[in-house]
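Structure at a glance
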Amino acid sequence: MKQSIKEILSEKPVGQEVVICGWVRTFRNNQFVAVSDGSCIQTMQVVVNHETMDPALLKRITTGAAVMATGVLEESQGKGQAVEVRANTIEVVGDADPDKYPLQPKRHGMEFLREIAHLRMRTNTFGAVMRVRHNLAYAIHKFFHDRGFYYIHSPIITGSDAEGAGEMFRVTTLPLDNVPKTPEGSVDVKKDFFEKMTNLTVSGQLEAELAALALSRVYTFGPTFRAENSNTTRHLAEFWMIEPEVAFFDLKDNMDLAEDMLRYVIGYALEHCEDDIQFLQDRQLQEEKSKPMAERSPMDLTTKLKFVIDNAFERLTYGEAIEILRNSKPNKKKKFQYLIEGWGADLQSEHERYLVEQHFQKPVILTNYPKEIKSFYMRVDDGDKTVSAMDILFPAIGEIVGGSQREERLDVLTKRMEEMHIPMEEMQWYLDTRKFGTCPHAGFGLGFERLVLFVTGMSNIRDVIPFPRTPGNAEF
Ligand code: 4AD
Ligand code: MG
């Protein structure tokens, strides 16, 4: 395998011949080619040797062209790099017409880059985001693996709606222009591929629960799909979710696990993505200069990440949070779009952010929500008013984790499902675990892109996934 720029920069085999394969970022003074191969944020400076170089070829060294340069690695005389390659040969492997190539060596707007998402990973910003994303994914697997969790692949096509919110994408092979009907006039799902109604999964939790009741500690890490029409900077129609599930765990164990995991993976990124995070931090500072003082974040990116690692999250109940919110300035001055009048209100992102950013100024875990606003599978608390739910709220993001202790009592669970109109005939397999060897268990879901958003300091979730899917957008 040819060495990557990252490997060459770390080993620095000065005096030896190296081969650099990548894409031209800039070509200065007809002499210095900055080549990126995406292995790290740094480019390699390739110095053209005019004696051995065909002048016709020089014209083809343009921004975006793919090149292969062979030469000796030397200590650099110039500023900005420790080593450079004195090229004997530079082969232009793939041209990039400078009149047509849309990326120029300058700052491009995020909206424009979203339109050319097939090329945007060649920019410094998206290269950095993708490398941090990879490291976070790796750290998540490592965290769980090191603690004896098994990775479960939950199905992507399913017949159930795990969250009971009805925000699902249908999966069907029925001809849309000639849908077979039953004598009663409804869609004849028996004629469909799976002979039943199916959709893309909104969560792997229910299957993870089945696995936890066999393997004790498991997690899923897969794509999930939600057909909610939310055009926000924090919602995607296709996103990746990590869902651990643990047998004999209660809510407190669950909170401890989630906090440990978030600390570990953020710490891993700080340790292993130093250059990329530094670049993203500088980029964020630059971006914030154009914002009014009040909207700028009080901490730079690295400080913010370290702060989360070093400080215990604030834990309080939904009821306590409601009291804080009800008495808060923005509520009294009617600054919230949704005013908090009392117990029972569903929290909006403005409330979550107030708690985290203004009141506590650190991540917050809210527990024991009213059962009416939470899913059917959450364990009903004594008193029958609340469930053992937990949401973890982060600065600038709002909810990053949602989880709960699960209802393991068959009678309570079936009663809840009836109340919430969850079709029980379809969920016999789920109820079976409550019939055969049921036990307390708990788990949570971490939205992977929300985590990447937090760690990279980017401001829109569409910019932390290679090809975002949002209402009206499924390009590439
Ligand atoms: O709170 P949610 O809906 O919880 C569940 O799906 C549970 N089954 C998890 C569990 O207990 N195993 O989603 C979990 C997390 C949210 O906290 C959020 O971070 C993320 O998934 N999320 C989204 N991320 C991006 N785009 C969306 N549309 C998201 N919806 C949820
Ligand atoms: Mg949630």
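Notes on the structure in this doc start here.

Cut-offs applied
- Residues numbered from 1 in each chain as written.
- Chains lettered and ligands numbered in written order.
- Predicted model: local features only at pLDDT ≥ 70, side-chain atom pairs only at ≥ 80, totals over all residues.
- Heavy atoms only, no water.
- Core = buried A, V, L, I, M, F, W, Y, C linked by side-chain atoms within 4.5 Å.
- Buried < 20%, exposed > 50% of the residue type's maximum accessible area, 1.4 Å probe, protein only.
- Domains from an automatic or database assignment.
- Contact = heavy atoms within 4.5 Å.
- Helix = DSSP H or I, 4+ residues; strand = E, 2+ residues; numbered from the N terminus.
- Pairing = 2+ DSSP bridges.
- Salt bridge = Lys/Arg side-chain N within 4 Å of Asp/Glu carboxyl O.
- Axes fitted to C-alpha atoms, helices over the stretch in contact; angles between N-to-C directions.
- 1 Å grid on protein atoms, 1.4 Å probe; cavity = no way out; pocket = protein on both sides within 12 Å on 5 of 7 lines; lining within 4 Å.
- Points joined across faces, edges and corners; volume = space filled by probe spheres on them.
- Nonpolar A, V, L, I, M, F, W, Y, C, P; charged D, E, K, R; others polar.
- Near = heavy atom within 4 Å.
- Polar contact = N/O pair within 3.5 Å; in protein donor to acceptor, adjacent residues only side chain to side chain.
- Sits in = over half its atoms within 2 Å of the grid points.

Time to look at the nonpolar core. Ile 90, Phe 394, Leu 451 and Val 455 are the most contacted members of the largest nonpolar core, which totals 90 residues. Looking at this core, you find at least three residues from each of domain 1 (5-106) and domain 2 (122-167 + 202-313 + 362-463). Look past the residues within four positions of Phe 394 in its chain and what remains in contact with it is Leu 262, Ile 266, Val 308, Phe 313, Val 356, Pro 363, Ile 400 and Phe 454.

Attention shifts here to the pairing of strand 10 (residues 217-225). Where a strand is regular, its side chains alternate between the two sheet faces. Counting buried positions over the 9 residues of strand 10 gives 8, a clear majority of the element. Pairing geometry for strand 6 (residues 150-151) and strand 10, over 2 bridges, is parallel. Paired with Tyr 150 across the two strands is Val 218, which belongs to strand 10. With 9 bridges connecting them, strand 10 and strand 11 (residues 238-247) associate as antiparallel partners.

We now examine the pattern of salt bridges. Summed over all chains, the structure comprises 27 salt bridges. For the salt bridge of Asp 463 with Arg 120, the shortest nitrogen-to-oxygen distance reads 3.1 Å. Of this pair, Asp 463 sits in the segment after helix 14 (448-456) while Arg 120 sits in the loop between helix 3 (110-115) and helix 4 (124-146), and the two are 343 residues apart along the sequence. What makes Asp 463 buried here is its relative accessible area of 2%. The buried category is assigned to Arg 120, whose relative accessible area is 1%. Between Glu 259 and Arg 263 there is a salt bridge, with its nearest N and O atoms 2.8 Å apart. Taken together, the positions of Glu 259 and Arg 263, both in helix 6 (residues 251-272) and 4 residues apart, correspond to about one turn of that helix. Taken individually, Glu 259 and Arg 263 each receive the classification buried, so the pair is uniform in this respect.

Let's shift gears to the sheet that holds strand 6. In space, the 8 strands of this open sheet follow the order 6-10-11-16-15-14-13-12, with mixed pairing throughout. The sheet is open, and its two edges are formed by strand 6 and strand 12 (314-317), each paired on a single side. Taken strand by strand, helix 11 (residues 349-360) contacts strand 12, strand 13 (364-370), strand 14 (386-394) and strand 15 (398-405), and its axis lies near 140° from that of strand 13. Of the strands in this sheet, strand 10, strand 11, strand 14, strand 15 and strand 16 (441-447) touch helix 14, which is tilted by about 55° from strand 16.

This brings us to the layout of surface pockets. Looking at the largest pocket, its volume works out to about 1,300 Å³. What lines the largest pocket is a set of 46 residues, and nearest its centre among them are Glu 163, Arg 226, Glu 228, Lys 374 and Glu 399. Going through the elements one at a time, strand 11, helix 11, strand 15, strand 16 and helix 14 are the ones with two or more residues in the lining of the largest pocket. Grouping the amino acids of the lining of the largest pocket by side-chain chemistry returns 18 nonpolar, 12 polar and 16 charged. In this structure, the second largest pocket occupies an estimated 1,000 Å³ of space. Lining of the second largest pocket is provided by 32 residues; of these, Glu 295, Ser 297, Arg 353, Glu 357 and Ala 396 occupy positions nearest its centre. Looking at the lining of the second largest pocket, the elements that each hand over two or more residues are helix 7 (274-288), helix 8 (301-310), helix 11 and helix 14. Considering only residue class, the lining of the second largest pocket consists of 14 nonpolar, 7 polar and 11 charged.

Close to ligand 1 lie 24 residues; Glu 163, Gln 205, Arg 226, Glu 243 and Glu 399 are nearest. Side-chain polar atom of Glu 163 to a nitrogen atom of ligand 1: 2.6 Å apart, as the coordinates give it. Separating a nitrogen atom of ligand 1 from a side-chain N or O atom of Glu 228 is a distance of 2.9 Å. When atoms are counted within 2 Å of each cavity's grid points, the one that captures over half of ligand 1 is the largest pocket. Within the residue set of the shell around ligand 1, elements represented by two or more residues are strand 11, strand 15 and strand 16. Of the residues forming the shell around ligand 1, the biggest block, 5 residues, is contributed by strand 15. Classifying every residue of the shell around ligand 1 by side-chain character gives 8 nonpolar, 8 polar and 8 charged.

The next point concerns the side chain of Gln 45. Along the chain, Gln 45 falls in strand 3 (residues 44-48). Looking at Gln 45, the relative accessible area reads 10%, which means it is buried. Filtering out sequence-adjacent residues up to four positions away, Gln 45 remains in contact with Arg 28, Phe 32, Val 33, Ser 76, Gln 81, Glu 84 and Val 85.

Take the environment of Val 46 next. Mapped onto the elements, Val 46 comes out in strand 3. Overall, the relative accessible area of 1% leaves Val 46 in the buried class. Once the C-alpha coordinates of Val 46 and Arg 86 are considered, the two residues, 40 residues apart in sequence, prove to be 6.1 Å apart. If near-sequence neighbours (up to four positions away) are discounted, Val 46 is found in contact with Gln 31, Phe 32, Val 33, Val 35, Ala 69, Val 85, Ala 87 and Ile 90.

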